[in-house]
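What follows is each chain in one-letter form.
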Amino acid sequence: AQSVTQPDIHITVSEGASLELRCNYSYGATPYLFWYVQSPGQGLQLLLKYFSGDTLVQGIKGFEAEFKRSQSSFNLRKPSVHWSDAAEYFCAVGTSGSARQLTFGSGTQLTVLP
Amino acid sequence: GAVVSQHPSRVICKSGTSVKIECRSLDFQATTMFWYRQFPKQSLMLMATSNEGSKATYEQGVEKDKFLINHASLTLSTLTVTSAHPEDSSFYICSAGVTGPGADTQYFGPGTRLTVL
């Protein structure tokens, strides 16, 4: 069975600083990987996804993520954080062949200081 | 594109009553929809997978008689919490799957906050 680990429960950064959120996965085959963002009381918005090809994936809102098979990681990055980026971020892995069974990490809460 | 709506966004009900939550894919057809439950400060827990025209597949530990799921069309799935109790209070989120070659993705609704008194 697949699993996802987000080691950082809470991260605080200053506005304008760079950001990296960590995600490690465990899955026997080639994973489908996703990053979602959730604002308080809201559903999840897809930031980006990786299925195959270029291991550096660009997403919305200036986010990018890099798939590193050797490290079983899919870390999310942003060069300059904005106050509106404060939210909960979830990494997820989908089973081979579809995203029909997603396993989510426990989430990382991002606080942005002015 | 790929917008999913949920209704209602918030519901308060008395213990013992039933509550229906609707999930709609607004601009695409979804053969598969998913229902999740999220407790405060926690991640999403998959409750069931719903395929249009067939019975839902429930995750282990989820009572199918308590959480009735109907996926009557390619754009609508409903979750009915029957005989709700305070422990059923939670944030329920649905998602709809967009499938295609290398393009399988779930798009999520805004969630429904259920409070059972």
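The structure we're discussing is the one just above.
Residues numbered from 1 in each chain as written. Chains lettered and ligands numbered in written order. Predicted model: local features only at pLDDT ≥ 70, side-chain atom pairs only at ≥ 80, totals over all residues. Heavy atoms only, no water.

### A few points about the nonpolar core
Residues and elements named next belong to chain A. One finds Leu19, Trp35, Leu47, Leu48, Phe74, Leu76 and Tyr89 to be the most contacted residues of the largest nonpolar core, which totals 26 residues. Elements supplying a minimum of two residues to this core: β2 (10-14), β3 (19-21), β5 (32-38), β6 (44-50), β8 (64-68), β9 (73-78), β10 (87-94) and β12 (108-113). Top element by residues in this core is β10. It accounts for four residues. Not counting the four nearest positions on each side in its chain, leucine 76 is found in contact with Leu19, Glu20, Leu21, Trp35, Leu47, Leu48, Phe63, Glu64, Ala65 and Tyr89. (Core = buried A, V, L, I, M, F, W, Y, C linked by side-chain atoms within 4.5 Å. Buried < 20%, exposed > 50% of the residue type's maximum accessible area, 1.4 Å probe, protein only. Helix = DSSP H or I, 4+ residues; strand = E, 2+ residues; numbered from the N terminus. Contact = heavy atoms within 4.5 Å.)

### With respect to the pattern of salt bridges
Residues and elements named next belong to chain A. For the coordinates displayed, the defined rule picks out six salt bridges over all chains. Of the charged contacts in the structure, one is a salt bridge between glutamate 66 and arginine 77, with a shortest N-O distance of 3.3 Å. In this pair, glutamate 66 sits in strand β8 while arginine 77 sits in strand β9, placing the two residues 11 residues apart along the sequence. Here glutamate 66 falls in the partly exposed class, since its relative accessible area comes to 24%. Residue class for arginine 77 comes out partly exposed when judged on its relative accessible area of 23%. As a salt-bridge pair, aspartate 85 and lysine 78 come within 2.8 Å of each other at their nearest N and O atoms. The class for aspartate 85 is buried, based on a relative accessible area of 4%. (Salt bridge = Lys/Arg side-chain N within 4 Å of Asp/Glu carboxyl O.)

Everything listed here is a matter of coordinates, which is why it stays silent on function.
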